[in-house]
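Coordinates in review
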Amino acid sequence: MEKKELLYEGKAKKVFTTQDPDALIVSYKDDATAFDGQKKGTIVGKGAINNRMTNHIFKLLEAEGVPTHLIEELNDRETVVKKVEIVPLEVIIRNFSAGSFAKKLGMEEGIKLLSPTLEFSYKNDDLHDPFINDYYALALGLATREEIDVISKYAFKVNQVMQKYFASLGIELIDFKIEFGRYHGQIILADEVSPDTCRLWDKETHEKLDKDRFRRDLGNVEDAYQEVFRRLGIQ
């Protein structure tokens, strides 16, 4: 599979067309952004870690019945994926209070929630991805009721599988953001699962092993990403 035209370039990835109209090549970058692009920087090696970690996690999820866009990993930074129409919803699952959730509700970070929460954001950079509920999504035509139900079911399944898996690595899955796409009438998991999109804390020390180290100027950003990758044990 070969790259042809650059179809899209985002904050963290480039997407290229291929000779197969049903397949794209995603190339992960080391660029890092936060706060809707107001903060920019580079996390050395991030692209390779996020690419390989995403593919590793997606394989685990597929084995548990969650369909994904993964076709084939080409190299450290590039992967062939199914060409999907992204559903314009960011899907966020939270297991502990952190980030905007903690701030909005006046909570300390790190409080275990009585049950996982599911929330949607309207995927729109110009509007800063505003928080919406499923009634908004239906009213705006962003997704059908059936699609929202499937997305919700898969999101909680992803959480269940990832919580158990990360716990086995000594990592607490605090929260995460995922995206879904439409592929020949089917809803499948797309985008990525990485320290860019998940809050991951060491189970014992509660040290942050994710993008919050970049957002909050905590230092040792590369080391945190490398530590997560090391625990994954990917060869």
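Heads up: these notes are all about the structure in this document. Quantities reported herein were computed from a predicted structural model and do not represent experimental measurements.

Broken down by element type, the protein carries six helices and 14 strands. Computed over its C-alpha atoms, the radius of gyration of the protein comes to 17 Å, within 12% of the 18 Å expected for a compact globule of 235 residues. With the principal axes as the frame, the protein shows a C-alpha extent of 50 × 40 × 35 Å. Of the side chains in the protein, 34 bear a positive and 41 a negative charge, and the two mean positions are spaced by 2 Å.

Before going further, it helps to spend a moment on the sheet that holds strand β1 (residues 6–9). Here five strands make up an open sheet; going across it, the order is β1-β2-β3-β7-β6 and the pairing antiparallel. The open sheet has two free edges, formed respectively by β1 and β6 (70–73), since each of these has just one partner strand. Ignoring which end each strand starts from, the neighbouring axes of this sheet average 25 degrees apart. Relative to strand β7 (residues 78–82), strand β3 (residues 23–28) is paired through five bridges, and the arrangement is antiparallel. Counted as the bridge partner of Ile 25 is Val 80 from β7. Across the sheet, helix α1 (residues 46–63) touches β3, β6 and β7, and the angle it forms with β6 is around 135 degrees.

Below, the discussion takes up the pairing of strand β4 (residues 31–34). The sheet contact formed by β4 and strand β5 (residues 39–42) spans four bridges and is antiparallel. Within the sheet, the bridge partner assigned to Asp 31 lies in β5 and is Thr 42.

It is worth spelling out the pattern of salt bridges at this point. Scanning the model with the defined rule gives 28 salt bridges in all. With a closest N to O distance of 3.6 Å, Lys 29 and Asp 31 form a salt bridge. A residue is classified by how much of its surface remains accessible, and Asp 31, at 35% relative accessible area, is partly exposed. One salt bridge in this structure joins Glu 109 and Arg 216, with 2.8 Å as the shortest N-O distance. On the criterion of sequence distance, the pair formed by Glu 109 in the loop between α2 (99–105) and β10 (112–122) and Arg 216 in the loop between α5 (212–215) and α6 (221–232) is long-range, its members being 107 residues apart. Counted as one network, the salt bridges with shared partners bring together Arg 94, Glu 109, Glu 119, Asp 175, Arg 199, Asp 212, Arg 215 and Arg 216.

Here we come to unusual backbone geometry. Most peptide bonds take the trans configuration, and most residues that are not glycine carry a negative phi. At His 206, a residue that is not glycine, the phi angle is positive and equals roughly 65 degrees. Within the secondary structure, His 206 is located in the loop between β14 (198–202) and α5. We classify His 206 as partly exposed; its relative accessible area is 48%. Of note, the phi angle at Asp 217 is positive, near 55 degrees, even though the residue is not glycine. You can see Asp 217 is positioned in the loop between α5 and α6.

Scoring rules and cut-offs
Residues numbered from 1 in each chain as written. Predicted model: local features only at pLDDT ≥ 70, side-chain atom pairs only at ≥ 80, totals over all residues. Heavy atoms only, no water. Helix = DSSP H or I, 4+ residues; strand = E, 2+ residues; numbered from the N terminus. Rg over C-alpha atoms; globule rule 2.2 N^0.38 Å. Lys, Arg positive; Asp, Glu negative; His and termini not counted. Charge placed at Lys NZ, Arg CZ, Asp CG, Glu CD. Pairing = 2+ DSSP bridges. Axes fitted to C-alpha atoms, helices over the stretch in contact; angles between N-to-C directions. Contact = heavy atoms within 4.5 Å. Salt bridge = Lys/Arg side-chain N within 4 Å of Asp/Glu carboxyl O. Buried < 20%, exposed > 50% of the residue type's maximum accessible area, 1.4 Å probe, protein only.

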